[in-house]
Amino acid sequence: LYILAIALLMNLLVVSMPIHELYYFFNIKSNNQVACDYRTWDRYSWFLYKEQQYEEAKIANQRAVQASILAEAYQSERFKITEHTHKIENKNWERFDSQQSILTFEIN
């Protein structure tokens, strides 16, 4: 019963956290490859943007750009991240576009 109560309490704490904080904790803080994980930084910038944390979103986006250079990402992926930079600056980022479709296109 004690374990169940603790699990319920932890669940309530996690559910009440903003999505960008959960994403940071599970995908960036624990990621030992984060320096070159541009997709993670790009998605994190999206979550920050959606929470109207525009300055933090810009910083995360700049890290995505730097990581894409370190990882020698496809030019089209770097272009997509740069598009996100402009959307953050203009505050007109409507939805997150996954790079999955870009990768599929370039591999084929």
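Refer to the structure above for everything that follows.
As a starting point, this report considers the structure included with it.

Calculation criteria
- Residues numbered from 1 in each chain as written.
- Predicted model: local features only at pLDDT ≥ 70, side-chain atom pairs only at ≥ 80, totals over all residues.
- Heavy atoms only, no water.
- Salt bridge = Lys/Arg side-chain N within 4 Å of Asp/Glu carboxyl O.
- Helix = DSSP H or I, 4+ residues; strand = E, 2+ residues; numbered from the N terminus.
- Buried < 20%, exposed > 50% of the residue type's maximum accessible area, 1.4 Å probe, protein only.
- Polar contact = N/O pair within 3.5 Å; in protein donor to acceptor, adjacent residues only side chain to side chain.
- Contact = heavy atoms within 4.5 Å.
- Expected span 1.5 Å × (residues − 1).
- Arc of directions from axis to C-beta.

Below, the discussion takes up the pattern of salt bridges. Here the idea is simple: oppositely charged side chains can pair when their charged atoms come close. Applying the stated rule across the entire model yields three salt bridges. Here Glu77 ties to Arg39 by a salt bridge, and the two come within 2.8 Å at their closest N and O atoms. Remark: Arg39 occurs in helix H3 (residues 38-50) and Glu77 occurs in helix H5 (residues 75-90); sequence separation between them is 38 residues. By relative accessible area, which is 1% here, Glu77 ends up buried. We classify Arg39 as partly exposed; its relative accessible area is 31%.

On to the side chain of Ser45. Along the chain, Ser45 turns up in helix H3. The buried category is assigned to Ser45, whose relative accessible area is 0%. Of the polar contacts made by the side chain of Ser45, one reaches the backbone oxygen of Asp42; its length is 2.6 Å. Beyond its immediate chain neighbours, meaning those up to four positions away, Ser45 contacts Ala57, Ala60, Asn61, Ile88 and Trp93.

Among the secondary structure elements, Asn31 is positioned in the loop between helix H2 (19-29) and H3. If near-sequence neighbours (up to four positions away) are discounted, Asn31 is found in contact with Asp37 and Thr40.

Below, the discussion takes up helix H4 (residues 54-70). The first and last C-alpha atoms of H4 sit 24 Å apart over 17 residues, in line with the 24 Å expected at 1.5 Å per residue. Looking only at H4, the buried set comprises Ala57, Ala60, Asn61, Ala64, Ala67 and Ser68. The buried residues of H4 all sit within an arc of 120° when viewed along its axis, so they share a single face. Summarising the geometry of H4, the exposed residues directed more than 90 degrees from the buried face are Glu55, Gln66, Ile69 and Leu70.

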